[in-house]
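Structural features, examined
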Amino acid sequence: MNYNFKILSSSYKTINYINKLLVNYPNKEVILKHNIEKNNYKIIELIFSYNINDTNRIKDKYLKALLVSLSMLDFYLRVSYDKKIISKHQFEVVVKFLMEIKRMVYGLKRGVGHEI
């Protein structure tokens, strides 16, 4: 199983779902919306950066940064839920997606995919 492709695929699916939610964000929450969008693209960038590098130390750096970005996305969406911008169901769906991605990243971090 190619974990890198699975992480990229799951991230893409999650980002598409989140982008559909962002359409309904009110204009007064433009900063929150912008931070979510920016973080979404940063996640994809970190996955590609991980894939390009050969050194395990640098790969670990990108995996740690990816985990931070996923946690920040979780935080932004929790704020969105607390502000009643997204529903409980929408929040739970995204959190489930994020947890799945985090599990895969922790699997890579333990050394499952470093030979790729």
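Structure: see above.
Described below are features of the structure shown in this document. (Residues numbered from 1 in each chain as written. Predicted model: local features only at pLDDT ≥ 70, side-chain atom pairs only at ≥ 80, totals over all residues. Heavy atoms only, no water.)

Secondary structure assignment for the chain yields 4 helices and 0 strands. Going from N to C terminus, the chain has its helices and strands arranged as α-α-α-α. Against the compact-globule benchmark of 13 Å for 116 residues, the chain has a radius of gyration of 15 Å, which places it among compact chains. The dimensions of the chain, computed from C-alpha atoms along their principal axes, are 45 × 25 × 20 Å. Split into buried and exposed, the 116 residues of the chain put 41% on the buried side. Counting contacts in the chain only where the partners sit at least 6 residues apart, residues at least 24 apart contribute 73% of the total. Accessible area of the chain: about 7100 Å², with a carbon and sulfur share of 56%. Both charge centroids of the chain, one from 20 positive and one from 10 negative side chains, sit 2 Å from each other. (Helix = DSSP H or I, 4+ residues; strand = E, 2+ residues; numbered from the N terminus. Rg over C-alpha atoms; globule rule 2.2 N^0.38 Å. Buried < 20%, exposed > 50% of the residue type's maximum accessible area, 1.4 Å probe, protein only. Contact = heavy atoms within 4.5 Å. Areas by Shrake-Rupley, 256 points an atom, 1.4 Å probe, with all protein chains shown as cover. Lys, Arg positive; Asp, Glu negative; His and termini not counted. Charge placed at Lys NZ, Arg CZ, Asp CG, Glu CD.)

Take the pattern of salt bridges next. Under the definition given, this model contains 1 salt bridge. The salt bridge involving Glu 29 is made with Lys 83; its shortest N-O contact spans 3.2 Å. With Glu 29 in the loop between helix H1 (3–22) and helix H2 (30–52) and Lys 83 in the loop between helix H3 (56–82) and helix H4 (88–109), the pair connects residues that are 54 residues apart, well separated along the chain. Note on Glu 29: relative accessible area 12%, which makes it buried. According to the relative accessible area criterion, Lys 83 is partly exposed, its value standing at 46%. (Salt bridge = Lys/Arg side-chain N within 4 Å of Asp/Glu carboxyl O.)

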